[in-house]
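Chain by chain, the residues:
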There are 2 protein chains.
Amino acid sequence: MRFSIQKAALMQAIQTVSKAVAVRTTKQVLSGILLDVRDQEIIATAYDLELGIQTRIVGSEDNQLKIEQPGSIVLPARYFSEVIRKLPDTVITMQVANNYMTEISTASVQFHLHGIDAEEFPKLPSFVGVQGLQVQSSMLGDLIRTTAFATANTEVRPILTGINIQCANDKLTFTATDGLRLATHYVTLTDAPKWQAVIPGKSLIELTKILASGDDIVELYLTESHSLFVSGDTRFYTRLIDGTYPDTSRIIPNGHKTEVIVPGDDLLGAIDRAALIARDRDNHMVRLELENTVLTVSSNSPEIGNVSETVESEQKTGDDLQIAFNARYVLDALRALDAAQLTIRFNGSTQAFVIEKTGDKSVLQLISPVLWR
Amino acid sequence: MRFSIQKAALMQAIQTVSKAVAVRTTKQVLSGILLDVRDQEIIATAYDLELGIQTRIVGSEDNQLKIEQPGSIVLPARYFSEVIRKLPDTVITMQVANNYMTEISTASVQFHLHGIDAEEFPKLPSFVGVQGLQVQSSMLGDLIRTTAFATANTEVRPILTGINIQCANDKLTFTATDGLRLATHYVTLTDAPKWQAVIPGKSLIELTKILASGDDIVELYLTESHSLFVSGDTRFYTRLIDGTYPDTSRIIPNGHKTEVIVPGDDLLGAIDRAALIARDRDNHMVRLELENTVLTVSSNSPEIGNVSETVESEQKTGDDLQIAFNARYVLDALRALDAAQLTIRFNGSTQAFVIEKTGDKSVLQLISPVLWR
């Protein structure tokens, strides 16, 4: 193996794949990055057996890639990445010498890093002959960002640590719930095949960081055990979570006793401030009182003090109400919605309530109340 | 106590004093900020008994300060600071109600925080009638930044955790050493009084963060037990470290066997890269070999690999040399010097070596070698 390339291009590839490098592992090869140098391109891969990321460098005027001898090597990710980062912005030459010892050099600097035989690196799952689904990159990012925070953090019910992705009847829907809140978001896709999988929320959050922006198309592929997202030159592999996802459609209420429309920033600010006083309590409990058209958000702590703030609603129908909730859950939901105007629908103080962007039913946030005390 | 003020002005005062708030303390009042509201001004103070910071807000068109009733209160710094930070950018009203309960409010928000009786707050040391010393703010910042990193981190010899500040013969000198390296920096002051004190390095690093920039004058005052730095409306109090500072003048070598002049950035880059391979070893050992006019910087680790880099010197007199050193020490010294051109003077491979900015003797960095292996 021997090639030369501009530092920036190599650094970019390392950064792209590095999120899939195993952090704590006894299998040393998993904490490495596989470089597979072919006749016309370099393929960089990291794979911790849960998440795999692969990216490709092809020669360009910019990156000045020159491949002199194909070959492959696994290099320890941490050192490889820091060595490349600290090199000057210039052309770097890499070659494997005896015993997997790899030379990384510029005109004045010579590093040698101990590598590992590329044969030891695990194979990525195969997706040959699988039918794909196409989504715009920015749309996929939105679907993930508006739902992933509502997945469960703990492994008590592993299926809830994933996002349930369903495609049916020209609708692609992402749903996440930890049992106390639910976030669901759909987009319309025409001529899309049927599709269903539960994919780890954490992996999908990593995916958002490397997605191309804008209108670029991402392709989604699925097998019994894995999914694959292809975005430009980068391929993102994740395992699926086994098990049956709960039927969440049943828990979304149809009717409501109270509906209120409020300015999004005002409500977000009020709950953010109330959360300050609530945060030392386990359930971060904040109270909301709705009387006529005025919402009062409040919280108190015997040790710290209390806070009370009023928000004027823009429209209100139905009953007055008192309800309490976990401020963190509502803040997550409001930040995900990122709306100038919010519609909130309540069914009394003991039932879950729904928050949506006013006039837009594509994203729905459902939150269980804390029982009023 | 009752006053109103623009949020930004109050936030600024809280941030200025907050570095002196006690972090871990059983004495609750020390984790608070004292607000002392007088007829024409507000004095904010934090004091953890080691470090004290006090700042003053006087009314201006900008801050819209209106004092309706003088008085004082101690508020828990963490909550006070976050409450003010999260309030909208507007005029804030504060008043103390019953039992030290303090109301912080805007048109729509009302916070109440439990305060503490101002009488419980410790008194700052007194500096009445003490003669001062005047230094430019930027000059004082430089004196601290070029020396503080060389203080000892551990309390084995407490005196070495301080910077030795001496003023004599129209020279103000800052010196720090941890026993393996030494940094010393002087500036010329005319008509300055004699002055000597050992001040905790950590406190002085905090001082650099709140110093006014540029040509503003800072006044330094000294008593038997404390020092005071006055910069604009802010007063910075620190205790002194007891004991006799070692006579460091004796360990700075007079002559040299080798002198070399090198480009600062090239040497910094080379040692920074070599440190990557050296950093898993206790002493971060990097080797330097000087042969004719070429410096070779290298490092190796049986587990990771090795690195070697050449730097062309601009001038060299005296013997060739091989020496080894702790890369972190040299990097600290080079970053403090921040010089385009460095002059390094060696006395063989077992003696401490001196690094200076070429043509400037005001800052000197001295580093003990690691014995050659």
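Keep in mind it's a predicted model, so treat the numbers as computed, not measured.

**A short note on the pairing of strand 15 (residues 217–222) of chain B**
All names here are of chain B. The sheet contact formed by strand 10 (residues 133–136) and strand 15 spans four bridges and is antiparallel. Across the sheet, the residue bridging to Val135 is Val218, located in strand 15. In terms of strand pairing, strand 15 meets strand 16 (residues 226–231) through five bridges, oriented antiparallel. Across the sheet, the residue bridging to Leu222 is Ser227, located in strand 16. Hairpin connection, strand 15 to strand 16: the antiparallel pair is bridged by three residues.

**What about the side chain of Glu41(B)?**
All names here are of chain B. With respect to the helices, strands and loops of the structure, Glu41 is situated in strand 3 (residues 41–47). On the basis of relative accessible area, Glu41 is assigned to the buried category, the value being 14%. Within the structure, the side chain of Glu41 is placed 2.6 Å from the side chain of Arg56, a separation counted as a polar contact. Discounting chain neighbours no more than four positions away, the residues touching Glu41 are Asp36, Arg56, Ile57, Val58 and Ile67.

**A word on helix 3 (residues 137–145) of chain A**
Residue and element names in this part refer to chain A. Within the span of helix 3, buried status applies to Ser137, Leu140, Gly141, Leu143 and Ile144. All buried residues of helix 3 lie within an arc of 160 degrees about the axis, which places them on one face of the element. Here the buried face of helix 3 lies against strand 10 (133–136), strand 12 (171–177), strand 13 (181–188), helix 4 (201–210), strand 15 (217–222) and strand 16 (226–231).

**Let's talk about the sheet that holds strand 12 (residues 171–177) of chain B**
Residues and elements named next belong to chain B. The nine strands are arranged 14-11-12-13-26-25-24-18-22 in an open sheet whose pairing can be described as antiparallel. The sheet is open, and its two borders are formed by strand 14 (195–200) and strand 22 (315–318), each paired with just one other strand. Recorded for the sheet is a direction-independent mean angle of 20 degrees between the axes of neighbouring strands. Two strands pair when backbone bridges link them, and strand 18 (residues 258–263) and strand 22 are joined in this way by four bridges, in the antiparallel orientation. Bridge pairing in strand 22 links Val260 to Lys316. Sitting on the sheet, helix 5 (residues 264–278) is in contact with strand 18 and strand 24 (341–346), with an inclination near 95 degrees to strand 18. The sheet contacts of helix 6 (residues 327–337) involve strand 13 (181–188), strand 24, strand 25 (353–357) and strand 26 (360–367), and relative to strand 26 the element is tilted by about 170 degrees.

**Here we look at the UniProt feature "domain: DNA polymerase III beta sliding clamp N-terminal" (unreviewed entry) in chain A**
On the UniProt side, "domain: DNA polymerase III beta sliding clamp N-terminal" (unreviewed entry) is annotated at positions that read residues 1–125 of chain A here. Along residues 1–125 of chain A one finds 17% helix and 42% strand; the C-alpha atoms at either end are 25 Å apart.

**Quick look at the domain arrangement of chain A**
Residue and element names in this part refer to chain A. According to the domain assignment, chain A contains domain 1 (2–120), domain 2 (133–249) and domain 3 (253–367). Between the C-alpha centres of domain 1 and domain 2 the distance comes to 30 Å. Opposite the ten residues of domain 1 that make contact, domain 2 presents twelve residues. In total, about 1,000 Å² of surface goes out of reach between domain 1 and domain 2, with carbon and sulfur atoms giving 45% of it. Among the residues of domain 1 in contact with domain 2, Glu50, Leu51 and Gln54 are the three that bury the most area, contributing 45% of the side total. At the junction of domain 1 with domain 2, the criterion picks out two salt bridges. Asp233 is the salt-bridge partner of Arg56, the closest N and O atoms lying 3.2 Å from each other. In this structure, the connection of domain 1 to domain 2 is made through five residue pairs in polar contact (both at pLDDT 80 or more). Residue composition of the side of domain 1 that touches domain 2, grouped by class: three nonpolar, four polar and three charged.

**A word on the relation of the copies chain B and chain A**
Rotating chain B by 180 degrees about the axis while translating it 0.0 Å along that axis superimposes it on chain A, leaving an RMSD of 0.0 Å. The relationship between the two copies is best expressed as a two-fold rotation axis. In this assembly the copies share their binding face: 100% of the residues contributing to the interface of chain B also contribute to that of chain A.

**A word on the pairing of strand 23 (residues 321–326) of chain A**
Residues and elements named next belong to chain A. Burial analysis of strand 23 places five of its six residues in the buried class, the great majority of the element. With six bridges joining them, strand 19 (residues 285–291) and strand 23 adopt antiparallel strand pairing. Of the residues in strand 23, the one forming a bridge with Leu290 is Leu321.

**Examining the interface of chain B and chain A**
With 31 residues of chain B in contact, the opposing surface of chain A contributes 31 residues. Between chain B and chain A lies a buried interface of about 2,800 Å² when both sides are counted; carbon and sulfur atoms form 50% of it. The tally of links from chain B across to chain A stands at four salt bridges. Its salt-bridge partner being Asp272(B), residue Lys86(A) comes within 2.9 Å of it at the nearest N-O pair. Here chain B and chain A share 16 residue pairs in polar contact (both at pLDDT 80 or more) between them. Of all the secondary-structure elements, those providing two or more residues to the side of chain B that touches chain A are helix 2 (77–86), strand 9 (109–114), helix 5 and strand 21 (305–312) of chain B. Its residues placed into classes, the side of chain B that touches chain A shows 13 nonpolar, nine polar and nine charged. Alignment of strand 21 (residues 305–312) of chain A against strand 9 of chain B, held across five bridges, turns out to be antiparallel. Note on strand 9 of chain B: the bridge partner recorded for Asn306(A) is His112(B).

**Let's talk about the packing of helix 1 (residues 7–17) of chain B against helix 2 of chain B**
Residues and elements named next belong to chain B. Running from amino to carboxyl end, helix 1 crosses helix 2 at an angle of 150 degrees, the nearest separation of the two axes being 10 Å. Here helix 1 is positioned roughly antiparallel relative to helix 2, judged by the angle of their axes. Crossing of helix 1 over helix 2 shows left-handed handedness. Here Lys7, Leu10, Met11, Ile14 and Gln15 of helix 1 come into contact with helix 2, specifically with Phe80, Ser81, Ile84, Arg85 and Lys86. Its residues assigned to classes, the contact of helix 1 with helix 2 shows five nonpolar, two polar and three charged.

**Some words on the sheet that holds strand 3 (residues 41–47) of chain A**
Residues and elements named next belong to chain A. Read from one edge of the open sheet, eight strands run 6-2-3-4-17-16-15-10, paired in antiparallel fashion. With one partner strand each, in any of the chains shown, strand 6 (71–76) and strand 10 form the two edges of the open sheet. On average, each strand axis in the sheet is inclined to that of its neighbour by 20 degrees, with strand direction left out of account. Relative to strand 3, strand 2 (residues 32–37) runs antiparallel, the two sharing four bridges. Looking across to strand 3, one finds that Asp36 is bridged to Ile43. The sheet strands contacting helix 1 (residues 7–17) are strand 2, strand 3, strand 4 (51–58) and strand 17 (234–239), and the helix crosses strand 4 at an angle near 165 degrees. Relative to strand 6, helix 2 (residues 77–86) is tilted by about 95 degrees, and along the sheet it contacts strand 2 and strand 6.

The rules behind the values
- Residues numbered from 1 in each chain as written.
- Chains lettered and ligands numbered in written order.
- Predicted model: local features only at pLDDT ≥ 70, side-chain atom pairs only at ≥ 80, totals over all residues.
- Heavy atoms only, no water.
- Pairing = 2+ DSSP bridges.
- Helix = DSSP H or I, 4+ residues; strand = E, 2+ residues; numbered from the N terminus.
- Buried < 20%, exposed > 50% of the residue type's maximum accessible area, 1.4 Å probe, protein only.
- Polar contact = N/O pair within 3.5 Å; in protein donor to acceptor, adjacent residues only side chain to side chain.
- Contact = heavy atoms within 4.5 Å.
- Arc of directions from axis to C-beta.
- Axes fitted to C-alpha atoms, helices over the stretch in contact; angles between N-to-C directions.
- UniProt positions renumbered as here; feature names shortened; annotations may be inferred.
- Domains from an automatic or database assignment.
- Buried area = accessible area lost by both parts, 1.4 Å probe.
- Salt bridge = Lys/Arg side-chain N within 4 Å of Asp/Glu carboxyl O.
- Nonpolar A, V, L, I, M, F, W, Y, C, P; charged D, E, K, R; others polar.
- Least-squares fit on C-alpha atoms with pLDDT ≥ 70 in both.
- Parallel < 35°, antiparallel > 145°, perpendicular 65-115°, else oblique.
- Left-handed = near helix turned anticlockwise from the far one by under 90°.

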